[in-house]
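# Coordinate analysis (summary)
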Amino acid sequence: MHQPHAEPRRSIYYPYQVFDAWLPSQHPQPQHHAVVIAGAGPIGLVAALELARHGVKCVLLESERQVSEGSRAIVFTRRSMEILQQVGVADHVTQNGLPWRFGNSYYRGQRVFRMEAPHDPDDRFSPMINLQQQYLEEYLIDAVRANPLIELRWGNRVNAVTQDGQGATLEVDTPEGPYTLRTDWLVAADGARSGIRSMLDLKLEGASYEGRFVIADIRIDLPLPTERLAFFDPDWNPGNTILMHREPHGIWRVDYQLPPGEDAEAALKPESLKARIDAQLAMIGHAGVPWVMDWCSVYSARALTLPDYVHGRVLFAGDAAHLLPIFGVRGANTGFQDAQALAWRLAFVVKGLAAAPLLAGYSSERVGAAREIIDEAGKSTRFMTPPTRGFRLLRDAVLSLSLSEPFVGPLYHWRTSRPHEYRHSPANSAGDDNALFQAGPGHGAPPQNVRLGADDHLLDHLDHHFSLLYFTEGAAVPDALTEVVTELRAKGLPLRVIAVGSAQPVTGADETLADADGHLRERYGVLASGAAYLLRPDQHVCARWMGLDATRLRAALINAAGLNKEV
Amino acid sequence: MGPNTLSIPGLEQVYDALATAIDAAGAEKSELFLVKLALLNAHALADPAVFQAHIDAALKDL
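Residues numbered from 1 in each chain as written. Chains lettered and ligands numbered in written order. Predicted model: local features only at pLDDT ≥ 70, side-chain atom pairs only at ≥ 80, totals over all residues.

### Description of the overall build of chain B
When helices and strands are tallied, chain B shows three helices and zero strands. Starting at the N terminus, the α and β elements of chain B follow one another as α-α-α. Seen along its three principal axes, the alpha-carbon backbone of chain B occupies a region of about 35 × 25 × 25 Å. Buried residues in chain B amount to 3% of all 62 residues. (Helix = DSSP H or I, 4+ residues; strand = E, 2+ residues; numbered from the N terminus. Buried ≥ 20, exposed ≤ 12 C-beta atoms within 10 Å, placed from the backbone.)

Encoded structure:
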């Protein structure tokens, strides 16, 4: 019998709420669902909300009865905010988070590198925003609870999974014992220690690194801006690295690397934590400032991924699919993109619009993204925690040189998480004019946001449909294009047409953006009327044309959406 | 190793300067010193392929 903690977790800033466990005896109906998601962490919650936008119901199983223990993921990128905007919680994050864009690296008391994350005036969101994971989960849970298509079951743990060609059968344990749940599709978003990954006996590929870090959240009043701070080889922790981040509610995250060989238990003893945090505060000139511990844990850097995220009827996303080093804020930020790339495809398959092979595109795109991230993360990790004598010598030489030679500064760059461009995705159109464009997002790229006016940006106008941005100064979308749009919509394809470039509403478009100053056309490399961009439901570009015609539009949509032949 | 070669007096000058600097850095720090020097030279060289050729040559006959 599964007995999740019934007492609220301890925190000095976050009021944990314990939700009632979902009990099978109170729900005697047979349990067969189209989609079950295991894990109501940020990735499972976003996946559920994305599916609901497509009208697809799901059951969301959460082993615990409350949100995450400790702040965990605290830095969210602009792309994550654009995804969170789509599921309706970005405003909450903006209101309560701390935006930032600078990172500083220190060695021997000198700032040896300052990273400035680019901030385009066309962007709505700052490059990064800090917020404790409990709050993000709370906002997402509020959205889930308000959504009649999502059934969130607290205190429900997946104990066993078997699958056949038609679906998966789960044994789900609860505080009153197990019940059987049948689902056509199972999304495994059950985190870094994914039980489902173990049950399917799947192995992660990649590297684990020796360096281990203590992660500690303390409440302290420090007169420092919200910027990332990294300290290399300080006197109090020779050869090792310390990171600091400001969080809301007067909390600071302090991560420090442990000397080789020290075990987690020793590192988390109160006297050890106190001595080290005091030493770090003294080093940055704030000796003796009082502080209180909220939460601490030990972490080791790993860069691992499953080689495939689709296993029969089981689909992996987030940390269940890959484990990425924290230094580049790549955990949750990568997972949101998984959830977004998966949900629309799964929705199309569940609704019978597309066949199961569409899901292979999810796996190839996101495994590719994970491998790219692992390659980049490996570079940062080898600098932060050098794995061999050679790497340590080079790192130490760079630290020493950086005091007088700025050319080595970029080696401190921690290669922040960025959205992957699906350049080789099967969803990209083969017969479009991608190569002819001199500007704008290309094949597989996420869209460039564009400021249209006060509190008005291009991405505000996109939703879970395919979006056809049709650039025209004319009064109407050509009839031949409208016929294709009408035909495919009638078959169930969610598709919106947004005309750009006309002061008056364009006939045949669902919405018209005037783009009076031509700025949107400029950012998208559009030279003349008749050009178009096709964005997938996850907003990535799958086709663009200098001059759109009906045949190529139809082909691009059928390809990207994986429409069934009989459709 | 390319057209830009040191003159013999130049090579002798580098030889003495490097030996003296290794002694000045001391046994504990000479390795660090040499890696810093290699990175500075690589920066001036501005050619990863040539630097790789130097690495390959230096790894021979150790």
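### Here's the deal with the pairing of strand β15 (residues 251-257) of chain A
Residue and element names in this part refer to chain A. Among the seven residues of β15, six are classified as buried, and the element is accordingly described as predominantly covered. As paired elements, strand β12 (residues 205-219) and β15 share seven bridges and run antiparallel to each other. Bridge pairing links Asp217 to Arg253 in β15. As paired elements, strand β14 (residues 241-247) and β15 share six bridges and run antiparallel to each other. When the bridges of β15 are listed, Met244 appears paired with Val254. Between β14 and the antiparallel strand that follows it, β15, lie three residues; His249 among them carries a positive phi value of about 65 degrees. (Pairing = 2+ DSSP bridges.)

### Re the sheet that holds β15 of chain A
Residues and elements named next belong to chain A. In space, the eight strands of this open sheet follow the order β6-β5-β13-β14-β15-β12-β16-β19, with mixed pairing throughout. Both edges of this open sheet fall to β6 (110-116) and β19 (322-323), since each of them pairs with a single strand only. The pairing of strand β16 (residues 292-305) with β19 spans two bridges and is classified as antiparallel. Counterpart to Thr305 in the pairing with β19 is His322.

### Structural notes on the sheet that holds strand β23 (residues 495-500) of chain A
Residues and elements named next belong to chain A. One open sheet accounts for five strands, arranged β24-β23-β22-β25-β26; its pairing is mixed. Each having just a single partner strand, β24 (511-513) and β26 (541-545) make up the two edges of the open sheet. Neighbour to neighbour, the strand axes of the sheet diverge by 20 degrees on average, direction disregarded. Lying on the sheet, helix α13 (residues 550-561) is in contact with β22 (466-471), β25 (532-535) and β26; it crosses β26 at an angle near 170 degrees. (Axes fitted to C-alpha atoms, helices over the stretch in contact; angles between N-to-C directions. Contact = placed C-beta atoms within 7 Å.)

### Some thoughts on the environment of Asn159 of chain A
Position of Asn159 of chain A relative to the elements: it lies in strand β9 (residues 157-164). Distance from Asn159 of chain A to Asn104 of chain A, taken between C-alpha atoms, is 45 Å for residues 55 residues apart in sequence.

### Some thoughts on helix α1 (residues 8-25) of chain B
All names here are of chain B. Its 18 residues place the ends of α1 26 Å apart at the C-alpha level, agreeing with the 26 Å of an ideal helix rising 1.5 Å per residue. Here α1 lies mainly on the outside; zero of its 18 residues are buried. The first or second residue beyond α1 is Gly26, which carries a positive phi of 90 degrees. (Expected span 1.5 Å × (residues − 1).)

### Things to note about the domain arrangement of chain A
Residues and elements named next belong to chain A. Domains assigned within chain A are domain 1 (34-98 + 126-204 + 303-374) and domain 2 (434-561). Distance from the C-alpha centre of domain 1 to the C-alpha centre of domain 2: 29 Å. Contact with domain 1, which involves twelve residues of that partner, is made by nine residues of domain 2. When residues of the side of domain 1 that touches domain 2 are traced back to their parent elements, those giving at least two are α2 (78-86) and α8 (331-350). By residue number, the principal contributor to the side of domain 1 that touches domain 2 is α8, which donates four residues. (Domains from an automatic or database assignment.)

### Quick notes on the pairing of strand β10 (residues 167-173) of chain A
All names here are of chain A. Taking burial as the measure, the seven residues of β10 include five buried ones, the bulk of the element. As paired elements, β9 and β10 share seven bridges and run antiparallel to each other. The residue of β10 that forms the bridge with Val161 is Leu170. Two successive antiparallel strands, β9 and β10, enclose a turn made up of two residues. Between β10 and strand β11 (residues 179-188), which pair antiparallel in sequence order, lie five residues; one of them, Gly177, sits at a positive phi of approximately 110 degrees.

### Comments concerning the nonpolar core
Looking at soluble globular proteins, one finds that nonpolar side chains tend to be buried together. All names here are of chain A. Core analysis: the largest hydrophobic core is formed by 136 residues, its most contacted members being Ile37, Ala47, Ala48, Val187, Leu315, Ala317 and Tyr470. Ranked by residue count, the leading element in this core is α8, at eleven residues. Among the domains, domain 1 (34-98 + 126-204 + 303-374) and domain 2 (434-561) are the pair contributing at least three residues each to this core. Discounting chain neighbours no more than four positions away, the residues touching Ile37 are Gly44, Ala47, Ala48, Cys58, Leu60, Leu61, Val187 and Ala189. Judged by nonpolar contacts, the second largest core, of 26 residues, contains Trp252, Leu258, Ile277 and Leu394. (Core = buried A, V, L, I, M, F, W, Y, C linked by C-beta atoms within 7 Å.)

### Here's the deal with helix α7 (residues 270-283) of chain A
Given a rise of 1.5 Å per residue, 14 residues ought to cover 20 Å, and the 20 Å separating the end C-alpha atoms of α7 of chain A matches this to within 8%. Phi for Gly285 of chain A, located one or two positions after α7 of chain A, is positive at around 90 degrees.

### What to know about the environment of Gly103 of chain A
The topology assignment puts Gly103 of chain A in strand β5 (residues 102-107). Separated by 144 residues in the primary sequence, Gly103 of chain A and Glu247 of chain A have C-alpha atoms spaced 15 Å apart.

### With respect to unusual backbone geometry
The phi angle at Arg72 of chain A is positive, at roughly 45 degrees, despite the residue not being glycine. Inspection of the secondary structure assignment puts Arg72 of chain A in the loop between β2 (58-62) and β3 (75-77). A positive phi is found at Asp61 of chain B, a non-glycine position, where the angle reads about 55 degrees. Counting through the fold element by element, Asp61 of chain B comes out in the segment after α3 (48-59). On the basis of neighbour count, Asp61 of chain B is assigned to the exposed category, with 5 C-beta atoms found within 10 Å.

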